[in-house]
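As a plain string of letters, each chain reads:
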Amino acid sequence: QLEDQRADELAKTASEEQAAVEINRLVRNLGDESFSLHPVVRDDGQKGLYQIIGRDKQPRKLSTLSTGELNLVAFLWFRYQLDDIDMMDGSE
């Protein structure tokens, strides 16, 4: 049972990675290249963590994003999760 739960959680992580790729693509298409999301690679294997990288390829603190940028990321993440739910239950 634990292995099944682990597999389910890993599948969600793959979905999160795709969400970050899609968010980066959509943000670029809106003409905003001031930041992008990049997965954090940890020694302990934990996944699902992302870092904000600025236009200068340097990490940015979350506090440096404007309210509009934060709202955009939150909306796109929410939208992607809705699409993911639809795909999982087959009701596209």
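Residues numbered from 1 in each chain as written. Predicted model: local features only at pLDDT ≥ 70, side-chain atom pairs only at ≥ 80, totals over all residues. Heavy atoms only, no water.

Novice: Please set out the pattern of salt bridges residue by residue, giving values where relevant.
Specialist: Using the criterion set out here, one finds two salt bridges in the structure. A salt bridge links R25 to E22; the shortest N-O distance between them is 2.6 Å. On the criterion of helical spacing, the pair formed by R25 and E22 is a turn pair, its members being three residues apart in helix α1 (residues 2-29). Overall, R25 belongs to the partly exposed group, its relative accessible area being 35%. By relative accessible area, which is 17% here, E22 ends up buried. For R60, the salt bridge is made with E69, and the minimal N-O distance between the two is 3.7 Å. (Salt bridge = Lys/Arg side-chain N within 4 Å of Asp/Glu carboxyl O. Helix = DSSP H or I, 4+ residues; strand = E, 2+ residues; numbered from the N terminus. Buried < 20%, exposed > 50% of the residue type's maximum accessible area, 1.4 Å probe, protein only.)

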